[in-house]
Amino acid sequence: VSQSRYELLNMFKSLYSSKALPFKVDPFVVSVSCLFHDYGKLQEYDKDVMLTPEFSLRGHPFIGSEAVGIVLREFKFNSNVISHIQHCIIAHHGRLEWGAAVLPATPEAFLVAKLDELSGKGVMYANASDGDSMDGIKIFHYHETK
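Residues numbered from 1 in each chain as written. Predicted model: local features only at pLDDT ≥ 70, side-chain atom pairs only at ≥ 80, totals over all residues. Heavy atoms only, no water.

Q: Looking at this model, I keep getting lost on the packing of helix α1 (residues 7-17) against helix α7 (residues 107-127). Mind explaining?
A: The description of two packed helices rests on the angle between their axes and on the distance between the axes. As a packed pair, α1 and α7 sit with axes 10 Å apart at the nearest point and diverge in direction by 115°. Relative to α7, α1 is oriented so that their crossing is right-handed. Facing α1, whose interface residues are Glu-7, Leu-8, Met-11, Phe-12 and Leu-15, α7 presents Leu-111, Val-112, Leu-115, Asp-116, Leu-118 and Ser-119. Partitioned by chemical class, the residues of the contact of α1 with α7 number eight nonpolar, one polar and two charged. (Axes fitted to C-alpha atoms, helices over the stretch in contact; angles between N-to-C directions. Helix = DSSP H or I, 4+ residues; strand = E, 2+ residues; numbered from the N terminus. Left-handed = near helix turned anticlockwise from the far one by under 90°. Contact = heavy atoms within 4.5 Å. Nonpolar A, V, L, I, M, F, W, Y, C, P; charged D, E, K, R; others polar.)

Q: What exactly am I supposed to notice about unusual backbone geometry here?
A: Negative phi values dominate among residues other than glycine, just as trans dominates among peptide bonds. Of note, the phi angle at Lys-19 is positive, near 60°, even though the residue is not glycine. Note that Lys-19 resides in the loop between α1 and α2 (27-36). With a relative accessible area of 72%, Lys-19 lands in the exposed category. For Val-49, which is not glycine, the phi dihedral falls at a positive 60°. The residue Val-49 is located in the loop between α3 (41-44) and α4 (53-57) in this model. (Buried < 20%, exposed > 50% of the residue type's maximum accessible area, 1.4 Å probe, protein only.)

Encoded structure:
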């Protein structure tokens, strides 16, 4: 199932505008990170959607972080903002065993990682059939009884 490229940003906008977040974040850092967290996938796959060597050698979080840094430096963004956004991108998988280069170390990076997890796992749960196993747990959907 294809994710909307704006899915994370839309989830963040909903949380932020409704004041539903129980902690403060920099909305610019989170927004840019949400937009570009998977940008590196453009180099991870070729035109036939086959994995390239970049997948194993650097990974899309690192590739995306590097690319965003180059662009933001060209536009003369503050180096602290650039580092913060790059951190969010390289940490967006949330766990080292899930492919994060580093663990989220800021509220913004934590939020981007959780939005990405909610997006990915939510789709997996929604598409699972009753009784399918995910992460060692059998999945069952709510069915209204009459």
